[in-house]
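Residue-level listing of the chains:
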Amino acid sequence: MNKSWKSYKNTGDFFDELIAPGGGPRVVARRLVNLLQELPGEEMAARRAAAELAIRDMGISFTIYTEGKNIDRAWPFDIIPRVIAAKDWAAVSRGLAQRSRALNRFIDDIYNKQKILADGILPADIVLDSGNYKPQCAGMSPRYGAWAHICGTDLVRDKDGKFYVLEDNLRVPSGVSYMLENREITKRVLPELFENYSIQPVDDYPSRLYKTLASLSPRDRRRPCIAVLTPGIFNSAYFEHSFLARGMGAELVEGPDLFVDDDECVYMLTVDGPERVDVIYRRIDDDFLDPEAFRKDSVLGIPGVMRAWKAGNVAIANAPGSGVADDKVVYAFVPDMIRYYLKEEPALASVKTYLCMKEKDREYVLANLDKLVVKPANESGGYGIMVGPHATRAKRAEFGRLIEKNPRNYIAQPTLSLSTAPTYIDDTVEPRHLDLRPFILHSKETWVTPGGLTRVALVKGSLVVNSSQGGGSKDTWIVEASK
Amino acid sequence: MSMLSRVADRLYWMARYLERAEDTARLTQAYTHLVMDIPGGSEPGWEILVSILDAEAAYAEHFRVHNELNVLKFLIADTDNPGGISTSVRNARENVRTTRDVLPGEVWEHVNELYLYTRENAEKSVGRRNRHEFLHQIVARCQMINGMMMSTLCRDHAYRFIKVGHMLERADMTTRVIDVGAGALLGVDRHHTAVDPLIWASLLQSLSAMGTYRRTIGPLVEAESVVEFVFQEPSLPRSVRFCLNGIRQELVPLHNHREALKVVDRTRRKLSRFKADTASREQLHRFIDGFQVELNTLSEIISQTWFSPPQE
């Protein structure tokens with residue numbers, strides 16, 4: 001065994017993805033761990049250098065915004081893959097598909113009959129008073145009743161190895177391009193592993209996405225016109241927007257490239273004249289989508305696109321208003337939704353969630369701030385979160401005040417012990433915490449990526465995996481446990 | 001495959017900025033050599049370079065005196081001068097950054113490298129010591145990028161707008177260079193008839209046209225024949241006629257080309273009618289002024305027709 005692995009231990013405090021409690025590799029990871037442990041130390045470093053070079057050559061970057069400046073950073077990547085057994089994954093995958101079906105039924109219900117509210121499954125004010133509920137969308141029923149066509153669901157693995165859903169991202173989830181690029185890099189730097197493992201491929205995602213989007217086209221054409229709508233080069237996910245547009249052979253457009261004509265159809269401005277757009281895969285938030293309907297000062301959107309959408313002349317993915325189900329308060333009710341709409345038991349566990357708007361829950365939260373994770377109901381990117389056990393007394397007091405001032409805005413959950421995996425830091429392999437974001441495509445059918453994007457907190461002991469805050473990523477393998 | 005108006009716009013400007021960087025480098029290179037050749041006291045001033053680029057106003061914002069270092073700093077390193085090398089390279093890169101999807105992968109890489117090179121070296125290449133190498137690098141790198149595009153780009157709309165951008169910028173710069181020759185010599189009281197041929201030769205050099213000129217016209221460099229050659233020679237890639245023909249050829253396959261072609265054809269007719277051998281220097285100067293107005297009109301029509309068409 002090379003010395004970088006020598007001090008690696010499964011302490012039993014967390015579930016380790018690759019190493020069993022006894023210290024030996026888990027069955028699915030055995031060949032991987034054996035190979036990496038036998039590599040000489042300098043060879044590990046050489047593989048990492050090769051990965052870094054590949055990332056630079058392939059131009060894989062993300063943009064972070066700090067101190068008033070946009071900085072293009074190379075994508076932080078750990079060469080040691082995370083391995084999940086196919087049979088474990090199959091159950092998770094079923095649970096994700098089930099969840100996506102229920103969430104889409106919910107959104108469709110909320111903007112139409114609101115039966116779930118009438119039946120008292122969840123309080124109407126939670127949904128209707130939320131900023132995520134867009135009255136502009138009421139009465140719409142998009143094809144197949146599908147609203148959130150692309151969903152990125154964050155999963156974590158607790159101490160017992162069980163997967164929990166942390167949150168569903170139904171607005172403009174990002175990260176899928178990195179999932180694909182991570183696999184490309186691993187193929188380059190650890191090619192010998194692909195001989196002995198049967199790893200489920202991920203690279204057909206762009207064509208799956210294309211099929212999902214094309215199925216929404218209002219016109220029956222062999223190749224509908226699909227446009228990926230980006231806020232522009234300064235957006236942190238611009239790389240991904242451009243990547244997906246290329247992968248689908250679609251146009252990468254910005255708001256000013258599109259306009260709505262008197263016939264309430266959407267056109268893009270081309271050098272051959274206006275060309276009608278069938279499907280918009282938008283990567284901008286609802287609020288910026290249409291200055292006629294939402295924020296009037298938006299220069300990123302397309303005036304009138306909501307009219308075109310409501311007239312059925314263009315499909316928008318994800319549909320405007322989908323964010324109504326992407327709310328940490330609504331999250332607490334997803335298991336009830338699954339039972340209500342699908343008459344099934346939830347196949348995936350959710351994390352116990354305390355709603356600060358409920359008096360009893362709030363009392364509990366305020367009394368246990370040191371044990372809980374407090375989250376704003378409505379932020380993404382890991383901002384505005386307080387991790388109780390790690391927070392200072394002053395920080396906890398501050399959150400206590402915030403909660404009392406605006407209880408609807410906060411939820412709290414017990415601190416989960418996020419699973420760890422061996423991660424190559426400097427010249428030793430150390431455990432680091434991680435999560436997993438699979439992507440679910442939903443239109444006529446529902447499809448789940450095999451695996452997803454594994455994000456890893458590179459800072460020792462940290463639970464924050466967001467790339468904007470010091471997170472990295474790993475390739476994620478779903479492997480058949482053969483031989 | 002359709003082409004977004006915005007993308008066409010950016011490709012067109014990428015080409016113009018790349019050409020501008022290259023041409024400014026060529027001009028500066030040739031002029032530096034010229035100044036070294038002319039005996040002290042009778043050399044034309046450095047302010048001519050500023051007036052070639054029509055940049056007097058921008059210059060006055062930053063500098064007062066037209067000495068060599070100031071002018072060179074302005075042309076090479078100033079990041080506010082819209083005609084300068086640093087600015088042109090930066091703008092070219094910004095335009096490629098947002099059109100990477102439609103360009104061969106290497107183009108971004110090389111434009112980015114050109115940008116990094118310029119950023120690192122511009123400031124220290126203002127003095128004569130490093131200037132030659134810097135300008136040489138700019139020209140060579142621009143040529144490489146250009147060559148790469150010409151040998152890999154599919155002959156579709158992307159190619160067309162890039163070529164039109166290059167040709168238009170080049171025609172503009174070529175006439176500016178001629179104007180300078182005339183301008184430098186217009187001040188007849190400066191008694192430098194003896195250095196006339198030197199000036200014209202260096203201008204030919206800046207257009208990479210010296211060799212062709214010698215083979216086609218002869219070894220004697222005279223004002224009238226240089227002007228005639230640089231204006232009319234259809235086989236010379238930097239001649240005004242060549243550029244206009246190139247623009248025309250690429251506009252023809254585009255929709256709605258009527259207005260733009262009208263201007264191109266009018267300009268070509270004016271060019272044919274201009275007789276360099278009988279024109280006075282003053283007439284030449286006025287002709288070039290008129291010509292540049294036409295180029296601006298053409299650029300505006302291109303922009304209105306294809307880049308920001310009315311939404312109907």
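Here the structure is a predicted model, which means the values were calculated and not measured.

Caption draft 1: Quick peek at the overall build of chain A. Helix and strand counts for chain A come out as 15 helices and 23 strands. At 23 Å, chain A has a C-alpha radius of gyration in line with the 23 Å of a compact globule built from 483 residues. Each principal axis of the C-alpha atoms in chain A carries an extent, and together these give about 70 × 60 × 50 Å. Buried residues in chain A amount to 48% of all 483 residues. Long-range contacts, defined here as pairs at least 24 residues apart, represent 69% of the contacts in chain A between residues at least 6 apart.

Caption draft 2: Seen up close, the overall build of chain B. For chain B, the helix and strand inventory stands at 14 helices and 0 strands. Scanning chain B from its N terminus toward the C terminus, one meets helices and strands in the order α-α-α-α-α-α-α-α-α-α-α-α-α-α. On C-alpha atoms alone, chain B measures out to a radius of gyration of 19 Å, which is about the 20 Å that the 2.2 N^0.38 rule sets for 312 residues. With the C-alpha coordinates of chain B rotated into their principal frame, the extents come out at 60 × 45 × 40 Å. Residue pairs in contact within chain B that sit at least 24 positions apart in sequence constitute 71% of those at least 6 positions apart.

Caption draft 3: Region of interest: the pairing of strand 22 (residues 453-457) of chain A. Residue and element names in this part refer to chain A. Most of strand 22 is tucked away, with 5 of its 5 residues classed as buried. Bridging between strand 19 (residues 428-437) and strand 22 involves 4 bridges; their strand directions are antiparallel. The residue of strand 22 that forms the bridge with leucine 434 is valine 456. Note that strand 22 and strand 23 (residues 471-479) share 4 bridges and pair antiparallel. By the bridge assignment, arginine 455 is partnered in strand 23 with serine 473.

Caption draft 4: Main features of the sheet that holds strand 7 (residues 251-253) of chain A. All names here are of chain A. Reading across the sheet, the 4 strands line up as 7-6-11-12 and stay open at both edges, with parallel pairing between neighbours. In this open sheet, the two edge strands, each paired with only one partner strand, are strand 7 and strand 12 (315-317). Neighbour to neighbour, the strand axes of the sheet diverge by 25° on average, direction disregarded. The pairing of strand 6 (residues 226-229) with strand 11 (residues 279-282) spans 4 bridges and is classified as parallel. Note that in strand 11 the partner of isoleucine 226 across the bridge is valine 279.

Caption draft 5: How the structure looks around the sheet that holds strand 14 (residues 354-355) of chain A. All names here are of chain A. The strand order across the open sheet built from 4 strands is 14-17-15-16, with neighbouring strands paired in antiparallel fashion. Two strands in the sheet have a free side with no partner beyond their single neighbour: strand 14 and strand 16 (386-387). Strand direction decides the pairing type here: strand 14 and strand 17 (residues 410-414), joined by 2 bridges, are antiparallel. Of the residues in strand 17, the one forming a bridge with leucine 355 is isoleucine 411.

Caption draft 6: Spatial organisation of the interface of chain A and chain B. If you look at the interface, chain A gives 18 residues, while chain B gives 16 residues. Of all the elements in the fold, those that place two or more residues in the side of chain A that touches chain B are helix 9 (238-248), strand 7, strand 9 (266-270) and strand 10 (273-276) of chain A. Here the residues of the side of chain A that touches chain B sort into 9 nonpolar, 3 polar and 6 charged.

Caption draft 7: Highlighting helix 1 (residues 30-38) of chain A. All names here are of chain A. Along helix 1, the residues classified as buried are Leu32, Val33 and Leu36. All buried residues of helix 1 fall inside an arc of 90° around its axis, so they share one side. As for helix 1, its buried residues are in contact with strand 3 (77-85) and helix 7 (193-196).

Caption draft 8: Geometry of the environment of A:Asp278. Residues and elements named next belong to chain A. By secondary structure assignment, the location of aspartate 278 is in the loop between strand 10 and strand 11. On the neighbour-count criterion, aspartate 278 (22 C-beta atoms within 10 Å) is buried. Separated by 53 residues in the primary sequence, aspartate 278 and cysteine 225 place their C-alpha atoms 5.2 Å from one another. Setting aside residues no more than four positions away along its own chain, aspartate 278 makes contact with Ser217, Pro218, Arg219, Pro224, Cys225, Ile226, Val314 and Ala315.

Caption draft 9: Structural detail: the nonpolar core. Judged by nonpolar contacts, the single largest core of 238 residues is most densely connected at A:Ala227 and A:Val266. It is helix 1 (residues 5-37) of chain B that provides the largest number of residues to this core, a total of 15 residues. When near neighbours in sequence (up to four residues on either side) are disregarded, A:Val266 contacts A:Leu258, A:Val260, A:Val277, A:Ile280, A:Ile302, A:Val305, A:Ala308, A:Asn313 and A:Val314.

Caption draft 10: Structural context of the environment of A:Glu445. Residue and element names in this part refer to chain A. Mapped onto the elements of the fold, glutamate 445 is located in the loop between strand 20 (439-442) and strand 21 (446-448). Note on glutamate 445: 12 C-beta atoms within 10 Å, which makes it exposed. For glutamate 445 and isoleucine 302, which are 143 residues apart along the polypeptide, the C-alpha to C-alpha distance reads 29 Å.

Caption draft 11: Seen up close, the packing of helix 1 of chain B against helix 5 (residues 85-97) of chain B. Residue and element names in this part refer to chain B. In the contact formed by helix 1 and helix 5, the axes pass within 8 Å of each other and the chain directions differ by 155°. Relative to helix 5, the element helix 1 lies roughly antiparallel. In terms of crossing hand, the pair formed by helix 1 and helix 5 is left-handed. Contacts between helix 1 and helix 5 involve Arg10, Trp13, Met14, Tyr17, Leu18, Arg20, Ala21, Thr24 and Ala25 from the first element and Ile85, Ser88, Val89, Asn91, Ala92, Asn95 and Val96 from the second. Of the residues that constitute the contact of helix 1 with helix 5, the class distribution is 10 nonpolar, 4 polar and 2 charged.

Caption draft 12: Inspection of the confidence of the model for chain B at higher detail. Residue and element names in this part refer to chain B. Summary statistics for chain B give a mean pLDDT of 88 and a share of 94% for residues scoring 70 or more. Below pLDDT 50 for its whole length, residues 188-192 participates in 2 contacts with residues either more than four positions away or in separate chains. The ipTM, which scores confidence in the relative placement of chains, is 0.80 for this predicted complex, and the corresponding pTM is 0.85.

Caption draft 13: The arrangement of the environment of A:Arg82 in detail. Residue and element names in this part refer to chain A. Position of arginine 82 relative to the elements: it lies in strand 3. Put simply, arginine 82 and glutamate 43 are 39 residues apart on the chain and 20 Å apart in space, counted from C-alpha to C-alpha. If near-sequence neighbours (up to four positions away) are discounted, arginine 82 is found in contact with Glu17, Ala421, Leu434, Thr454, Lys474, Thr476 and Trp477.

Caption draft 14: Layout of unusual backbone geometry. In this structure, A:Asn318 follows A:Ala317 across a cis peptide bond, with omega equal to -15°. As for its placement among the helices and strands, A:Asn318 is situated in the loop between strand 12 and helix 12 (328-331). Residues other than glycine seldom take positive phi values, yet A:Gln114 does so here, at roughly 60°. Checked against the element boundaries, A:Gln114 lands in the loop between helix 3 (86-110) and helix 4 (115-118). Even without being glycine, B:Ser208 reaches a positive phi, approximately 55°.

Caption draft 15: Structural detail: the pairing of strand 18 (residues 420-425) of chain A. All names here are of chain A. Along strand 18, 5 of the 6 residues are buried, which leaves the element largely enclosed by surrounding structure. Bridging between strand 18 and strand 19 involves 6 bridges; their strand directions are antiparallel. Looking at strand 19, one finds that threonine 420 is bridged to histidine 433. In sequence, strand 18 turns back onto strand 19 through a hairpin of 2 residues, with aspartate 426 there showing a positive phi of about 50°.

Rules and cut-offs
- Residues numbered from 1 in each chain as written.
- Chains lettered and ligands numbered in written order.
- Predicted model: local features only at pLDDT ≥ 70, side-chain atom pairs only at ≥ 80, totals over all residues.
- Helix = DSSP H or I, 4+ residues; strand = E, 2+ residues; numbered from the N terminus.
- Rg over C-alpha atoms; globule rule 2.2 N^0.38 Å.
- Buried ≥ 20, exposed ≤ 12 C-beta atoms within 10 Å, placed from the backbone.
- Contact = placed C-beta atoms within 7 Å.
- Pairing = 2+ DSSP bridges.
- Axes fitted to C-alpha atoms, helices over the stretch in contact; angles between N-to-C directions.
- Nonpolar A, V, L, I, M, F, W, Y, C, P; charged D, E, K, R; others polar.
- Arc of directions from axis to C-beta.
- Core = buried A, V, L, I, M, F, W, Y, C linked by C-beta atoms within 7 Å.
- Parallel < 35°, antiparallel > 145°, perpendicular 65-115°, else oblique.
- Left-handed = near helix turned anticlockwise from the far one by under 90°.
- pLDDT = per-residue confidence, 0-100.

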